[in-house]
Every structure is written in structure tokens, then in C-alpha cells.
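Geometric and topological summary
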Amino acid sequence: MRATVVETSLSGVRVEHLTKAFDGRVVVDHIAFEVGAGELCVLLGPSGCGKSTTLRLIAGLEEPNFGRILIDDADVVAMPPKDRRISMVFQSYALFPHLDVAENIVFGLKVRGVPKAERADRLMRVVALTGLSDYLDRKPSQLSGGQRQRVALARAIVGEQPICLMDEPLSNLDAQLRGEMRLEIRALQQRLGMTMIYVTHDQIEAMTMADRVILMKDGRIEQNGVPADLYERPATMFTARFIGAPA
Ligand code: ADP
Ligand code: MG
């Protein structure tokens, strides 16, 4: 049985002609793609190619110069971030140092006025899912890197949003932990039926996690396909080199 934390129906995301310039320099250049409901889509590409900006545009943390962002076919460009039904996990998942694990996880719910009993209920569900049951009264400084990352994950899913955006969430962890955590995130995403857009510059991460990989270069989409497509049928030399496939 699927443990649906998401109360609302599944949501897909589509962007059209999405464009963003900083100081006259275009960093996201008329990109278009679609992420199906319940899909895990990886935005992959070298540093500076526009991955984080794309994610921030979808989350509403940046305003596009041009283009549309559709969630369930409704344009959300003018919608405030908090109404977009999106949660986000950043690379630096700053936890509140003075709050314990439980308080960190439900902080956002408290701010939104979710009643205490419901907060406790949701907390118990996400700590079971993220393996944090034994750490609820620890402070972030008393946790390992992997445990802190789980708290950030729990904080993102406790809000029960259908769409989750992750920006290089594992880049501060060592290689072995990264390998474990990417499997955990993938399992959680599938179990909860979340639509996820996951940013990384790590092609192995992309190939092992994604339903769909969108490879970006200089603010544009170089190739968009299932992992095997990019690996076996790279459309360009850039894709072949980046994925590490024989060209
Ligand atoms: P990535 O996440 O793929 O590394 P980013 O989206 O962070 O790339 O950045 C794309 C380009 O936009 C980079 O050249 C970066 O320096 C620039 N950029 C990002 N945010 C800003 C900003 N707020 N102001 C000016 N330039 C920015
Ligand atoms: Mg980035």
C-alpha cells in the first residue's frame, strides 16, 4: 500500500520558454520541459549552467523575465511561493541549532498554524519514514551529516506538498553516505508519490535516481530523456562526454 502523505492529487510541472537574465546576462535561456506527476526528474549539468536558477524560478524564489511555469496546467508565475504546493531542500540545509530534531521538523507547520495534535501526528509519520525515531530530542550538533540530511528531508516532506525540489542535497556528504542517501531519497519519493525535480552535477547520481534526465549546458537544454537514452544515444559530443558514455 502506498503511504500517501500527499493529500492533494498528484501534480505535474511544465515550463515553457522559461528565461532568466541577471544584469543583462541570460543564464536560463528559453527552456521548456515537462515533469510528469510522480516522476523524479534530474536536472544535470556542470557548475554555472543554470540548474539552481531554474529550480528557484519554479519555487518562486526568482522571477522569470519571460516564460510560463505550469503546475497542473495553471500558470503559477504570479503566485507567491507558499501557494505553489512545493517544498525545497537546499545544499546547505541549515537547521536551527537551538531547536531539537522534532522542533526543527515541525517548525514550518507551526508557522503555518497547523494544530499541535496534527503536528505530532505528522511528525511521527515522517520520523518513521526517515529513520529518525531515536533522535527526536537531539540538537543538530549531536547528529552525523547523514542524520542532519535526514532531518532536512523530513522537514521537506512533513509539509505534505505534492512537489519537492532538491538542489544538490547530498554534496556535503562523503561518497558512501551519498550513495546510501540517494537510494533513500528515491525510495521515499516513490513511496510518497511525490513529483521531484532533483538538481545535481553528478552524472552517476542522475543515472541511478532519475526517471528522466535533463542535461543542461549554458542555460539551455542539451538533451532530455530517460537515463538509458542519454547513455546509449547521446545526441551531442557534450552529452557523450558529460555522461561518460562511449561516443
Ligand atoms: P548552477 O546551479 O547550474 O551551478 P546557477 O543557476 O547557480 O548554476 O547559476 C547560473 C549562472 O547565473 C552563473 O553564472 C551564476 O553566477 C549566475 N547567477 C546565479 N544567481 C545569480 C544572481 N542572483 N545574480 C547574478 N548572477 C547569478
Ligand atoms: Mg547550483
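Residues numbered from 1 in each chain as written. Chains lettered and ligands numbered in written order. Predicted model: local features only at pLDDT ≥ 70, side-chain atom pairs only at ≥ 80, totals over all residues.

Considerations on the environment of tyrosine 93
Position of tyrosine 93 among the secondary structure elements: in the loop between strand E6 (86-89) and helix H2 (101-111). Residue classification places tyrosine 93 among the buried positions, given that 20 C-beta atoms sit within 10 Å. When residues no more than four places from it in sequence are discounted, the contact partners of tyrosine 93 are Arg148, Gln149, Ala152 and Pro169. (Helix = DSSP H or I, 4+ residues; strand = E, 2+ residues; numbered from the N terminus. Buried ≥ 20, exposed ≤ 12 C-beta atoms within 10 Å, placed from the backbone. Contact = placed C-beta atoms within 7 Å.)

Notes on the site of ligand 1
Taken together, Phe22, Val27, Gly45, Ser47, Gly48, Cys49, Gly50, Lys51, Ser52 and Thr53 make up all the residues around ligand 1. In terms of residues, the shell around ligand 1 owes the most to one element, helix H1 (residues 51-59), which gives 3 residues. In terms of residue class, the shell around ligand 1 is built from 3 nonpolar, 6 polar and 1 charged. (Near = placed C-beta within 6 Å. Nonpolar A, V, L, I, M, F, W, Y, C, P; charged D, E, K, R; others polar.)

Description of the pairing of strand E4 (residues 66-71)
In summary, the side chains of a regular strand alternate between the two faces of the sheet. Judged from the 5 bridges that link them, strand E1 (residues 13-22) and E4 form a sheet pairing that is antiparallel. In the strand pairing of E4, valine 15 is matched with isoleucine 69. In this structure, E4 lies alongside strand E5 (residues 74-75), joined through 2 bridges in antiparallel fashion. Its bridge partner being in E5, leucine 70 is matched across the sheet by aspartate 75. (Pairing = 2+ DSSP bridges.)

Notes on H2
Turn by turn, an α-helix covers 3.6 residues, leaving residues three or four places apart pointing in a common direction. Taken as a whole, H2 has its buried residues at Val101, Ala102, Asn104, Ile105 and Val106. Against helix H3 (116-130) and helix H4 (145-157) lie the buried residues of H2.

Points about the UniProt feature "domain: ABC transporter" (unreviewed entry) in the protein
Residues annotated in UniProt with the feature "domain: ABC transporter" (unreviewed entry) correspond here to residues 13-243. Here residues 13-243 is 37% helix and 26% strand, with 25 Å between the C-alpha atoms at its ends. (UniProt positions renumbered as here; feature names shortened; annotations may be inferred.)

Focus on the sheet that holds E4
The sheet built from 4 strands is open, its strands ordered E2-E1-E4-E5 with antiparallel pairing. The open sheet has two edge strands with one neighbour each: strand E2 (25-35) and E5.

Some thoughts on the nonpolar core
One finds Val42, Ile105, Ala154, Leu165 and Ile197 to be the most contacted residues of the largest nonpolar core, which totals 60 residues. Per-element tally for this core: the top contributor is H4, with 6 residues. Among all residues touching alanine 154, those that are not within four sequence positions of it are Ile105, Val126, Val127, Thr130 and Leu132. (Core = buried A, V, L, I, M, F, W, Y, C linked by C-beta atoms within 7 Å.)

A word on the sheet that holds strand E9 (residues 212-217)
Judged by pairing direction, the sheet is mixed, and its 6 strands sit side by side in the order E6-E7-E8-E3-E9-E10 without closing on themselves. Both outer strands of the open sheet, E6 and strand E10 (220-225), are each paired with one neighbouring strand and no more. Pairs of neighbouring strands in the sheet enclose a mean axial angle of 15°, with direction left out of account. Bridge analysis of E9 against E10 gives 5 bridges, and the strand direction is antiparallel. Residue pairing in the sheet places leucine 215 in a bridge with glutamine 223 of E10. (Axes fitted to C-alpha atoms, helices over the stretch in contact; angles between N-to-C directions.)

Notes on the packing of H4 against helix H5 (residues 175-192)
It is at 11 Å that the axes of H4 and H5 come closest, and there the two elements cross at 20°. Here H4 is positioned roughly parallel relative to H5, judged by the angle of their axes. The way H4 lies across H5 gives a crossing that is right-handed. Mapping the contact onto sequence places Gly145, Gly146, Gln149, Leu153 and Ile157 in H4 and Leu177, Met181, Ile185, Leu188 and Leu192 in H5. In terms of residue class, the contact of H4 with H5 is made up of 7 nonpolar, 3 polar and no charged. (Parallel < 35°, antiparallel > 145°, perpendicular 65-115°, else oblique. Left-handed = near helix turned anticlockwise from the far one by under 90°.)

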